[in-house]
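# Architecture and fold: a report
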Amino acid sequence: MENRREILEKGVHACAGAIALAATGAAVATARPNEEKPTPQRFLLVGLCGSENPTRSNFPFVWAAALKEAGHEVRIELAGDATVMMRTPVANSVTAVGWPPFSQAMAKVIDLKIPIFV
């Protein structure tokens, strides 16, 4: 009968083998330059927060710009309190915590020609 140490050593070797096998498979999968790129996905980002929560109101615009730059099709839909964000005085006065001002995020979305539905 095997003791605990022998059982654990076998388990560690099996785990190390599985990790090595997974790493080899991942390396082979990423080393296929002839494969086509994945098809772009379609995203609809819904904004519900307005100027009362500047950080959350900034998210759909920042994410939309990032997704569009990655090659995806993106749309933004604003509902509820978020519709106020389309007013120029409000957009210019909102600054999210830890993010650039909302007006910059909206300008980038407009430059990328991402449709905004209000």
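The present account deals with the structure reproduced in this document. Predicted, not measured: the structure shown is a model, and the values here were computed from it. Along every chain, residues carry numbers that run from 1 in the direction the sequence is written. The model is predicted, so local features are restricted to residues of pLDDT at least 70 and side-chain atom pairs to those at 80 or more, both for listing and for counting; the totals for chains, interfaces and linings are taken over all residues. Hydrogens and water are ignored here; the side-chain numbers use all heavy atoms of the structure.

## Things to note about the pattern of salt bridges
Which entries qualify depends on this criterion: Whenever a carboxyl oxygen of Asp or Glu lies within 4 Å of a side-chain nitrogen of Lys or Arg, that contact is scored as a salt bridge. We count a stretch as a helix when DSSP gives it H or I for four or more residues in a row; a strand needs E for two or more, and each element gets its number in order from the N terminus. For every residue, the accessible area (1.4 Å probe, protein chains only) is compared with the maximum for its type, and the residue is labelled buried under 20%, exposed over 50%, or partly exposed between those bounds.
With the rule as written, the count across this model stands at two salt bridges. Where Arg42 meets Glu73, a salt bridge forms, and the shortest distance between an N and an O atom there is 3.6 Å. Residue Arg42 is found in strand β1 (residues 42-47), and its partner Glu73 is found in strand β2 (residues 73-78); the two are separated by 31 residues along the sequence. Using a relative accessible area of 66% as the deciding quantity, one classes Arg42 as exposed. Residue classification places Glu73 among the partly exposed positions, given a relative accessible area of 37%. Across the pair Glu69 and Lys108 runs a salt bridge, and its minimum N-O distance is 3.1 Å.

## Observations concerning the packing of aromatic side chains
For clarity, the cut-off: Note on aromatic pairs: the rings of Phe, Tyr and Trp (six-membered ring only in Trp) are paired at centre separations within 6.5 Å, and the planes decide the class, stacked below 30 degrees, edge-to-face beyond 60, tilted for the rest.
One pass over the structure, following the stated rule, counts three aromatic pairs. Aromatic pair Phe59 and Trp63: ring centres 5.0 Å apart, planes at 10°, arrangement stacked. On the criterion of helical spacing, the pair formed by Phe59 and Trp63 is a turn pair, its members being four residues apart in helix α2 (residues 54-69). On the basis of relative accessibility, which here comes to 22%, the residue Phe59 falls in the partly exposed class. Looking at Trp63, the relative accessible area reads 46%, which means it is partly exposed. Taking 4.8 Å as the distance between ring centres and 85° as the angle between the ring planes, the aromatic pair formed by Phe61 and Phe102 counts as edge-to-face. Placement of Phe61 in helix α2 and of Phe102 in helix α4 (residues 102-111) is noted, with a sequence separation of 41 residues between them. We classify Phe102 as buried; its relative accessible area is 0%. Through a chain of ring-to-ring contacts, the aromatic side chains of Phe59, Trp63 and Trp99 assemble into a single cluster.

## A few points about α4
Let me state the cut-off plainly: When we speak of the arc, we mean the arc of directions from the helix axis to the C-beta atoms. Contacts were defined at the residue level, with two residues in contact if any of their heavy atoms lie within 4.5 Å.
Regarding α4, the residues found buried are Phe102, Ala105, Met106 and Val109. In a view along the axis of α4, the buried residues occupy a sector of 95°, so they form one face of it. The elements touched by buried residues of α4 are α2, β2, α3 (88-93) and β3 (116-117). Taken from the residues just after α4, Lys113 is the one with a positive phi, measuring 60°.

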